Amino acid sequence: MNKLAESAVHQGTAHLMKQQNSSGSFEGELSSSTFPSCAYAWVKFAQNHLPDQMLIDWFLKNQNPDGTWGLDAANQPNREATLFVKLILAQVAKQNPDPQITEALNRTPNYPLALALNKLAYAAFGDFNWDKLTIPRRMLPVMTLIKKVLAKFPSLQTFLKPPRNVLPPVDLFNSPMFGNLFIAEQYTLAAVFTMIELNTRRRPEVVKSLVNWLKKHMLPDNSWFRVNYITALSVLALIELQRVEGTDDEIQAIIDRGISWLQSTRNADGGCREALNLNVWDTALSLISLLEIANADGNNAIQSASKWLIENQSPDGGWAFSRMGPNENLPSDADDTALAALALILSKTPTAAAAIQSALNWLTTRQRFDGCWSTYLPGQGDVGCVSITAHAIEALQEATGMEAQISRATHWIKGQISSDGYWTDLWLAKRTYGTACAIIALNKVGMKDTTEVSRGVRWLESVQNSDGGWGEDMFGNRKDSTIEQTAWCTHALLLANPGNRAAKKGLNHLLNRQKSDGSWDASCVGIYWEIIGGYADPIYASVFPLRALNQYLKGSK
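Now for a quick tour of the structure. Since the model is a prediction, treat every value here as computed from it, not as a measurement.

### Things to note about the packing of helix α3 (residues 53–61) against helix α4 (residues 79–95)
Reasoning step 1: One way to put it is that α3 packs onto α4 with a least axis distance of 11 Å and a crossing angle of 130°. One element, α3, and the other, α4, form an angle in the oblique class. The element α3 and its partner α4 pack so that their crossing is left-handed. Contacts between α3 and α4 involve Ile56, Phe59 and Leu60 from the first element and Val85, Ile88, Leu89 and Val92 from the second.
Reasoning step 2: Residue composition of the contact of α3 with α4, by class: seven nonpolar, no polar and no charged.

Following this line, the structure appears as structure tokens:
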């Protein structure tokens, strides 16, 4: 198997390096998803235009045999995705009757409206009452009380999740609670509240404050949070402002710039992707993979990727998930910061010392009181994340001298294992990724023989598919094997025990599915969030199998 693995790594590395941009970054084209594609179509309608035929064809092509649509490239039937597409196609059919669209609508199940964000879209087209979108203002004190309880008892977050069938009252915007929401929620609700207020009470001072917030938070690249759905909602809110209050040249210019950015999220298949790119994340993962393989052919790629990461570090010492220039204010997050720091530490780039120290300072000051890391700011509507904490542990371990922080973090990770022996993650699917990350981190800090690692290994072995791979959806349900999930499970098992039988089966799965150009097929394993769905990233289908195969070669020497 060694020669096969060596050949696979050589071919796979060559393919990975071909995905590097001239700037030094790595950037995989993310797959199209239903909510961003529908949101873009909604924007076209708001401009009094029909969606283009490529987008309509994307909807028709991605309808399942049972008449449903999925949230993402996995295309698992989803009620909310189905309702959103049904709304869009129904509007197309009203203006431009077409037999294909009529047939697709006739096959679509009749689901009741449930998700508040779908109700918002239906209200915009006159099919839902604007006044029924939000809970009453008198509930704000109750919401405040719940927030205080959750701050004191974070474990209750699993049981006290906000409802999805109704939105908070617009008055939440001017309350202290708004600033403590998860950052993506702030961006989403500011746009949503603007639309609701314009169609209900129309209080001038409230509309003005909401619009000012939207104007202030538009990024220099003309997006909001560099996310399609959030940008579409913001553009729609400003279009609604123009409809209600009349044309304003400044607002129109912002709308035009936002629509131009939305067009940049279009994929060749006609649909839209949710994020423009994940170039920091992709670059850090690719750099780590090349450094672990230590292939001399990759020296130029390593140097240019390291230089790109240093140049695109945020002023606060962290990294955001996506970077386009030095004047942006997209907030740094712990996962990208941990992986970028790890990549630069491993690179031993002489010019990286200051960037590394700044990143370590960022990480250590943002470790939560319980030892974990959340995506953004602890307490800002954010929850601790297994994979992020694991990546932070790896970075701090390589940096050395961070034993106190590592001890707190490993204590937290060990406490997050489920009764069945797995860990659950937020950002990649899901139990396999959380479990693999936890096992890898604990192994790297010398905790290979802990009960938690043994239980995690047994769980991974128990959910291996008959073809030697692993697969699950974004909700943790088992499904057909994917390259990415097989790779990170195999990597973790090999670290725990180079002779693990399940890992050998996983290796065979990877070797048998590599294509002649050195690539592997990408699957939908990334998660935006459960309302939006996930994505496939071709970079993942390179770096994760390469790391698993390289780990095998290291262990077999």
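### Focus: the packing of α4 against helix α5 (residues 99–107)
Reasoning step 1: At a closest axis distance of 10 Å, the pairing of α4 and α5 adopts a crossing angle of 145°. Crossing handedness for the pair α4 and α5: left-handed. Here α4 contributes Lys86, Leu89, Ala90, Val92 and Ala93 to the contact with α5, which in turn contributes Ile101, Ala104 and Leu105.
Reasoning step 2: Classifying every residue of the contact of α4 with α5 gives seven nonpolar, no polar and one charged.

### As for empty space enclosed by the protein
Reasoning step 1: Applying the stated criterion to the full structure yields one cavity of 30 Å³ or more.
Reasoning step 2: Taken as a whole, the largest cavity encloses approximately 130 Å³ of empty space.
Reasoning step 3: As for the largest cavity, its lining consists of Leu285, Leu339, His391, Glu394, Tyr433, Ala436, Cys437, Ile440, Trp488, His491, Phe544 and Arg547.
Reasoning step 4: Listed by contribution, the elements that provide at least two residues to the lining of the largest cavity are α17 (386–399), α19 (431–444), α21 (483–496) and α23 (540–555).
Reasoning step 5: When the residues that make up the lining of the largest cavity are grouped by side-chain class, the tally is eight nonpolar, two polar and two charged.

### Focus on the packing of aromatic side chains
Reasoning step 1: All told, the structure shown has 20 aromatic pairs when counted by the stated rule.
Reasoning step 2: When the centroid spacing of 6.0 Å and the interplanar angle of 85° are considered together, the rings of Phe178 and Trp213 count as edge-to-face. Of this pair, Phe178 sits in helix α8 (residues 176–179) while Trp213 is found in helix α10 (residues 204–216), placing the two residues 35 residues apart along the sequence.
Reasoning step 3: Relative to Trp459, the ring of Tyr422 has its centre 5.2 Å away and its plane inclined at 50°; by these criteria the two rings are tilted. One end of the pair, Tyr422, is in the loop between α18 (403–415) and α19; the other, Trp459, is in helix α20 (residues 451–462), and 37 residues separate them in sequence. The same class applies to Tyr422 and to Trp459, which are both buried.
Reasoning step 4: By way of ring pairs, the aromatic residues Phe173, Phe178, Phe182, Tyr187, Trp213, Phe225, Phe321 and Tyr376 are connected into one cluster.

About the cut-offs
- Residues numbered from 1 in each chain as written.
- Predicted model: local features only at pLDDT ≥ 70, side-chain atom pairs only at ≥ 80, totals over all residues.
- Heavy atoms only, no water.
- Axes fitted to C-alpha atoms, helices over the stretch in contact; angles between N-to-C directions.
- Helix = DSSP H or I, 4+ residues; strand = E, 2+ residues; numbered from the N terminus.
- Parallel < 35°, antiparallel > 145°, perpendicular 65-115°, else oblique.
- Left-handed = near helix turned anticlockwise from the far one by under 90°.
- Contact = heavy atoms within 4.5 Å.
- Nonpolar A, V, L, I, M, F, W, Y, C, P; charged D, E, K, R; others polar.
- 1 Å grid on protein atoms, 1.4 Å probe; cavity = no way out; pocket = protein on both sides within 12 Å on 5 of 7 lines; lining within 4 Å.
- Points joined across faces, edges and corners; volume = space filled by probe spheres on them.
- Phe/Tyr/Trp six-rings, centres within 6.5 Å; stacked < 30°, edge-to-face > 60°.
- Buried < 20%, exposed > 50% of the residue type's maximum accessible area, 1.4 Å probe, protein only.

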